[in-house]
Amino acid sequence: MSAEQPASADRVLLITGASTGIGAATARHAAGAGWRVVLAARSLERLQALAEELGGPERAVAVHCDVTEWSQQEQLVVIALASFGRIDAAFANAGFGAPRGFLNDTPEHWREMVLTNVYGAALTIRATIPALKQSRGHLLLTSSVAGRRVLPGSLYSCTKHAVTAMGEAARQDLNGSGVRVTLIEPGMTDTPFFDRRPSDALNDEDIARAVIYAISQPPHVDVNEILIRPIAQAG
Ligand SMILES: NC(=O)c1ccc[n+]([C@@H]2O[C@H](COP(=O)([O-])OP(=O)(O)OC[C@H]3O[C@@H](n4cnc5c(N)ncnc54)[C@H](OP(=O)(O)O)[C@@H]3O)[C@@H](O)[C@H]2O)c1
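Residues numbered from 1 in each chain as written. Predicted model: local features only at pLDDT ≥ 70, side-chain atom pairs only at ≥ 80, totals over all residues. Heavy atoms only, no water.

### A closer look at the sheet that holds strand S5 (residues 138–142)
Spelled out, the test is: Two strands qualify as a pair provided DSSP detects at least 2 bridges between them. Runs of E in the DSSP output that reach at least two residues are strands. Runs of H or I that reach at least four are helices, and both are numbered from the N terminus. Interaxial angle, 0 to 180 degrees, is taken between N-to-C directions of lines fitted to C-alpha atoms, where a helix line uses only the stretch in contact. Throughout, a residue-residue contact means that at least one pair of heavy atoms, one from each residue, lies within 4.5 Å.
If you walk across this open sheet you meet the seven strands as S3-S2-S1-S4-S5-S6-S9, and the pairing is parallel. Of all strands in the sheet, those with a lone pairing partner are strand S3 (60–64) and strand S9 (225–228), marking the two edges. Each adjacent strand pair in this sheet contributes to an overall mean axis angle of 15 degrees, direction not counted. The pairing of S5 with strand S6 (residues 180–186) spans five bridges and is parallel. Bridging from a neighbouring strand, histidine 138 pairs with arginine 180 of S6. On the sheet, helix H1 (residues 21–32) packs against strand S1 (12–16), strand S2 (36–41), strand S4 (89–92) and S6 and is oriented at approximately 170 degrees with respect to S1. The sheet strands contacting helix H2 (residues 44–53) are S2 and S3, and the helix crosses S3 at an angle near 175 degrees.

Structure (structure tokens):
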């Protein structure tokens, strides 16, 4: 099935890191706005429950995908296209943090974080570009306020600077293809990202609405980035 012959007129949003937090909230908001969704993460049971909540196989599919594995990202796109025939937007959102301090955390956890946040996002771009070019679609990446300002001793902040650069690199690479690129840069947001949940933070729905804003613009409008903090966040 080609992008010209969709099974349904409803557009399709693929989300990595869809099992909790920002990704799951975005899936709910997008489904509410009429999008079909492809939900990817490692926690398949959570994804399956969310897909069921969002209307079952006609509207939402759950796909186990570790974003650090190229073969799994390729398979994710294969399943998305087999299920819905097209991908109109891809949201590379999977990621996690680590304690600050270059003498803290472990080298193994650093490796996992860099591979997930940086390499994983790059693989999602690589895997989805052909389908996005066909649909003249939309690529979105979750960077962070920490991808805009450097935080002391934060390798996480360095990974998000890489994602910010990746968004601009992809935008320039895709210029002329009809594919739009948006960086979502959340400030502190109350999600399972934090072991101790923050107060005075944004909630996942605040970020979901920003994503929906970006993907709801007319085709000639490319919202390049959305930097969004809770009002209580100074830095
Ligand atoms: N919360 C904040 O304050 C904040 C601020 C700025 C940016 N961000 C960014 O927002 C994004 C979403 O985070 P969140 O706050 O919504 O936290 P979250 O609820 O912990 O969500 C993280 C998501 O990433 C997935 N994930 C982690 N490693 C993965 C892997 N190797 N392969 C596939 N999926 C993976 C997790 O699912 P599984 O564990 O099931 O795989 C989960 O769905 C992240 O990129 C984070 O860096 C968060």
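### Re H2
Counted only if it meets this: When accessible area is computed with a 1.4 Å probe and restricted to protein chains, residues below 20% of their type maximum are described as buried, those above 50% as exposed, and intermediate ones as partly exposed. Think of it as the arc spanned by the lines of direction from the helix axis to the C-beta atoms.
Here H2 has its buried residues at Leu47, Leu50 and Ala51. Buried positions in H2, seen along its axis, are confined to an arc of 100 degrees and lie on one side of it. Looking at H2, the residues exposed on the side facing more than 90 degrees away from the buried face are Glu45 and Glu52. Summarising the contacts, the buried residues of H2 are in contact with H1, S2 and S3. Glycine 55, located one to two residues past H2, shows a positive phi value of around 120 degrees.

### A closer look at the pattern of salt bridges
To keep it simple, the criterion reads: By definition here, a salt bridge exists when the distance from a side-chain nitrogen of Lys or Arg to a carboxyl oxygen of Asp or Glu is within 4 Å.
Summed over the entire model, instances satisfying the criterion amount to eight salt bridges. Across the salt bridge formed by aspartate 10 and arginine 59, the nearest N and O atoms sit 2.8 Å from each other. With aspartate 10 in the segment before S1 and arginine 59 in the loop between H2 and S3, the pair connects residues that are 49 residues apart, well separated along the chain. The residue aspartate 88 makes a salt bridge to arginine 86 at a minimum N-O spacing of 2.6 Å. One salt-bridge network, held together by shared partners, links Arg148, Glu185 and Glu225.

### Notes on the nonpolar core
This is how it is decided: In these notes, a set of buried Ala, Val, Leu, Ile, Met, Phe, Trp, Tyr and Cys residues joined through side-chain atoms within 4.5 Å is what counts as a nonpolar core.
Among the nonpolar cores identified, the biggest contains 31 residues, and Leu14, Val38, Leu76, Ile87, Ile125, Leu139 and Leu141 are the most heavily contacted of them. Tallying contributions element by element places helix H4 (residues 107–135) first for this core, with six residues. If near-sequence neighbours (up to four positions away) are discounted, leucine 139 is found in contact with Ala90, Ile125, Thr128, Leu132, Ala170, Leu174, Val179, Arg180, Val181 and Thr182. Among the nonpolar cores identified, the runner-up in size contains 30 residues, and Leu39, Leu50, Ile184 and Val211 belong to it.

### Digging into the pairing of S5
The test is simple: Crossover handedness is defined by viewing with both strands directed away from the observer: a clockwise path from the first strand over the helix to the second marks the crossover as right-handed.
Most of S5 sits out of view: five of its five residues are buried. Of the two faces of S5, both are covered, the one formed by His138, Leu140 and Thr142 as well as the one formed by Leu139 and Leu141. As judged from the four bridges shared by S4 and S5, these two strands associate in the parallel manner. In the sheet register, alanine 90 faces S5, and the bridge partner there is leucine 139. Between the parallel pair S4 and S5, the chain is carried across by H4, and the sense of this crossover is right-handed.

### Topic: the pairing of S4
Along S4, one buried face is formed by Ala89 and Phe91 and the opposite face, lined by Ala90 and Ala92, is buried too. In this structure, S1 lies alongside S4, joined through three bridges in parallel fashion. Considered in S4, the bridge of leucine 14 is made with alanine 90.

### Some thoughts on the site of the ligand
Heads up, the rule is: Throughout this document, a residue counts as near a molecule or strand when at least one of its heavy atoms sits within 4 Å of that molecule or strand. The term polar contact refers here to a pair of N or O atoms within 3.5 Å; inside protein, the definition further demands a hydrogen-donor-capable atom paired with an acceptor-capable atom, and it admits residues adjacent in sequence only when both atoms are side-chain atoms. In these tables, accessible area is a Shrake-Rupley quantity obtained with a 1.4 Å probe, and a residue counts as shielded only by the protein chains included in the view.
The ligand sits among 30 residues. The nearest are Ser19, Arg42, Ser43, Tyr156 and Thr191. Note that an oxygen atom of the ligand is positioned 3.2 Å from one of the backbone N or O atoms of glycine 17. A distance of 2.8 Å separates an oxygen atom of the ligand from a polar atom in the backbone of asparagine 93. Bound to the protein, the ligand loses 93% of the 880 Å² it would expose on its own.

### Notes on helix H5 (residues 155–174)
The condition that has to hold: Here the expected span of a helix is defined as 1.5 Å times the quantity of residues minus one.
With 20 residues, H5 extends 28 Å from end C-alpha to end C-alpha; this agrees with the ideal 28 Å at 1.5 Å per step. For H5, the full list of buried residues reads Leu155, Tyr156, Ser157, Thr159, Lys160, Val163, Thr164, Met166, Gly167, Ala170 and Leu174. At its buried positions, H5 is contacted by H4, S5 and S6. Just beyond H5, the residue with positive phi is glycine 176, at close to 95 degrees.

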